[in-house]
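Okay, here's what each chain looks like letter by letter:
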Amino acid sequence: MPEFAVAPIDPMSVTFQPATGGMNPSGPVLSRRMSDLEGLFADTAAWQEARDGADPVVYEVASSPVPEAPGELPQSITTIHPGTVGGEFHMTKGHQHPNPQGEIYFGLSGTGGLLLFDGTTPKWIPMAPGVIGYIPPGWAHRSVNTGDEPYRFLAVYPGDAGHDYGWVLEHGMGWRVRRGAAEPQLVPFRSEPVAG
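First, a word on scope: everything that follows refers to the structure included in this document. (Residues numbered from 1 in each chain as written. Predicted model: local features only at pLDDT ≥ 70, side-chain atom pairs only at ≥ 80, totals over all residues. Heavy atoms only, no water.)

**Considerations on the side chain of T146**
Here T146 is to be found in the loop between β12 (140–145) and β13 (151–156). Among all residues touching T146, those that are not within four sequence positions of it are F89, T111, G112, W124, V177 and P184. (Helix = DSSP H or I, 4+ residues; strand = E, 2+ residues; numbered from the N terminus. Contact = heavy atoms within 4.5 Å.)

**So, the pattern of salt bridges**
Summed over all chains, the structure comprises three salt bridges. One salt bridge connects R51 with D52, and the closest N-O pair in it is separated by 2.8 Å. Relative accessible area serves as the criterion here: at 54%, D52 is assigned to the exposed category. A salt bridge links E88 to R176; the nearest nitrogen and oxygen atoms lie 2.9 Å apart. Note that E88 is positioned in strand β7 (residues 88–89) and R176 in strand β14 (residues 175–178), a separation of 88 residues in sequence. Residue E88 shares its accessibility class with R176, and that shared class is buried. (Salt bridge = Lys/Arg side-chain N within 4 Å of Asp/Glu carboxyl O. Buried < 20%, exposed > 50% of the residue type's maximum accessible area, 1.4 Å probe, protein only.)

**Overview of the sheet that holds strand β10 (residues 122–127)**
Read from one edge to the other, the open sheet built from three strands follows the order β10-β9-β12, with strand pairing classed as antiparallel. Across the chains shown, the open sheet's two edge strands, defined by having one partner strand only, are β10 and β12. Ignoring which end each strand starts from, the neighbouring axes of this sheet average 20 degrees apart. Direction of pairing for strand β9 (residues 112–117) relative to β10: antiparallel, over a ladder of six bridges. For F117, the partnering residue across the bridge sits in β10 and is P122. (Pairing = 2+ DSSP bridges. Axes fitted to C-alpha atoms, helices over the stretch in contact; angles between N-to-C directions.)

**Details of the environment of P25**
In this fold, P25 is placed in the loop between β2 (22–24) and β3 (29–33). Judged by relative accessible area, P25 falls into the partly exposed class, the value being 33%. In this structure, the C-alpha to C-alpha distance between P25 and V14, residues 11 residues apart in sequence, is 6.1 Å.

**Focus on the pairing of β13**
Two elements, strand β5 (residues 75–80) and β13, share six bridges in a ladder whose sense is antiparallel. Along β13, the bridge assignment pairs I77 with L154.

**Here we look at the environment of R32**
Relative to the elements of secondary structure, R32 occurs in strand β3. The class for R32 is buried, based on a relative accessible area of 15%. For R32, the residues in contact, after removing those within four places along its chain, are P56, V57, V58, Y59, K93 and Y165.

Printed below as a string of structure tokens:
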């Protein structure tokens, strides 16, 4: 498995590989399957059916070798595969930064969105190639694929921000993003699972 470089690192260039969503040189690569997303989709029966069936890869995160260390700006490219679970679009787990700092996402291919929640107010930023989404400090964030092809985006974040995935399981994200007739539907988040 490729690894992060050890700080301090030398200046470098990193090349995006559009066909695969990878980076060269590469750091760690993470795959999240349906079985890794327990407790995130409202329709638990539909989630269990997908998990117990093919248990598909929902998204992958390819990191550059820049380390997650103070003063560094690591980069990653996330690919979210298309699909729904009980009508709810495929999404990342979402996280909050324990060390609150800003972050930027840059749309590379496909269509999606950036769902943000500060514990009180949810926000939605539609994303597409060339769109920059800014995440202010203190906002939990999750990415969603709202299209029928893979959605890819570049993330650049402070190396010492950290990732708290438990915050989202505890507090939710304010809204859920479901397939609508023409546009994605933003529906109120429910903390309790919905039976299928």
